[in-house]
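Overview (structure and organization)
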Amino acid sequence: MKPSPRLLTALALALTLPAIQAQETPKEPQRPAMTSKLPVVAADKLEARLEKVRFDSKSSTIGLEFVLTNRSEKEAIQLCERWNSWGSKQWSFTAKTAAGQELEFSNAIMNWWANSPTCFTIEPGKEFPCPCTLALSDTAGNVMRSHTESLYLAYHGPAPAPPYKPGSTTDREFPARPTWSFPLKLTGHFKAVFNRTINHDGSDGMTNWKGEIKTAELTVKEKEE
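These figures come from a predicted structure and were not determined experimentally.

The subject of this paragraph is the overall build of the chain. Per the secondary structure count, the chain includes one helix and 13 strands. Written out in order from the N terminus, the α and β elements of the chain read α-β-β-β-β-β-β-β-β-β-β-β-β-β. Here the chain holds 225 residues, and 36% of them are scored as buried. A separation threshold of at least 6 residues defines the contact pool for the chain, and within that pool the share at least 24 residues apart is 71%. Surface exposure of the chain reaches about 14800 Å², of which carbon and sulfur atoms provide 55%.

In structure tokens, the structure reads:
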């Protein structure tokens, strides 16, 4: 008796199925991970200091330079630029006024008309000065808005610790409005993490320094002596 066509078809499938299963499923090619052209630099190779600190009574602002120094003898340091959201919060300031008020200054940029993680490079043994202007929130109108990238505002001081002063609407004493009182103690802070970046030549990369450092505390007087 001859085998039926259905039986022959089933036998053919049984013989070819293992061969099909043995074939490896094609894998989607993996994109190479974005890596920096620069090696990672140790946190202690970057230093910070404040220079040219001066109070301007006309604009009621403090102008200064925040200087970053690359102490590495061989490796460059690559960090995000200040104009974009990845780098804008790397710089900050704290101050304690003569009246005992503690002020915290952060970058004034809140919105971006364009935004991409571009970076700058500090060569070995070189410095990178960043001009900065510190202003109180109610005097920010006196500062040129075209220099927003360099503007740092103190919107308010830190909230007081409980128990709060009774009698207010919410039984809470809100932070006092920030005001200048001299001499004040000023400290600069710099904090960065590893970020994917777009290099100026259009290639992909990454920043290569991660850490948190601060400057030495400086005394700022209302008038230069």
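Text resumes after the structure shown.
Turning our eyes to something else, we now look at the packing of aromatic side chains. One pass over the structure, following the stated rule, counts 10 aromatic pairs. For the pair phenylalanine 120 and phenylalanine 128, a centre-to-centre distance of 4.1 Å together with 20 degrees between the ring planes defines the contact as stacked. By the ring-pair criterion, three or more aromatic residues cluster together here, those being Trp91, Phe120, Phe128, Phe190 and Trp209. Directly above the ring of tryptophan 91 sits arginine 82, whose terminal nitrogen or CZ lies 5.5 Å from the centroid.

Moving on: the confidence of the model for the chain. Per-residue confidence for the chain gives a mean pLDDT of 82; residues scoring 70 or more make up 71%. Long-range and interchain partners of residues 28-32, a stretch whose pLDDT sits below 50, account for zero contacts in this model, where long-range means more than four residues apart.

In this section: the pattern of salt bridges. Considering all chains together, one arrives at five salt bridges under this definition. Arginine 49 is the salt-bridge partner of glutamate 127, the closest N and O atoms lying 3.0 Å from each other. Residue glutamate 127 is located in strand E7 (residues 127-136), and its partner arginine 49 is located in strand E1 (residues 46-56); the two are separated by 78 residues in the primary sequence. In this structure glutamate 127 comes out as partly exposed when scored by relative accessible area, which is 45%.

Let us now look at the environment of lysine 96. Among the secondary structure elements, lysine 96 is positioned in strand E4 (residues 91-96). Placed 90 residues apart in sequence, lysine 96 and leucine 186 show a C-alpha to C-alpha distance of 6.8 Å. Those residues within four positions of lysine 96 in sequence are excluded, and the remaining contacts are Gln101, Glu102, Leu184 and Lys185.

Conventions adopted
Residues numbered from 1 in each chain as written. Predicted model: local features only at pLDDT ≥ 70, side-chain atom pairs only at ≥ 80, totals over all residues. Heavy atoms only, no water. Helix = DSSP H or I, 4+ residues; strand = E, 2+ residues; numbered from the N terminus. Buried < 20%, exposed > 50% of the residue type's maximum accessible area, 1.4 Å probe, protein only. Contact = heavy atoms within 4.5 Å. Areas by Shrake-Rupley, 256 points an atom, 1.4 Å probe, with all protein chains shown as cover. Phe/Tyr/Trp six-rings, centres within 6.5 Å; stacked < 30°, edge-to-face > 60°. Lys NZ or Arg CZ within 6 Å of the ring centre and 35° of its normal. pLDDT = per-residue confidence, 0-100. Salt bridge = Lys/Arg side-chain N within 4 Å of Asp/Glu carboxyl O.

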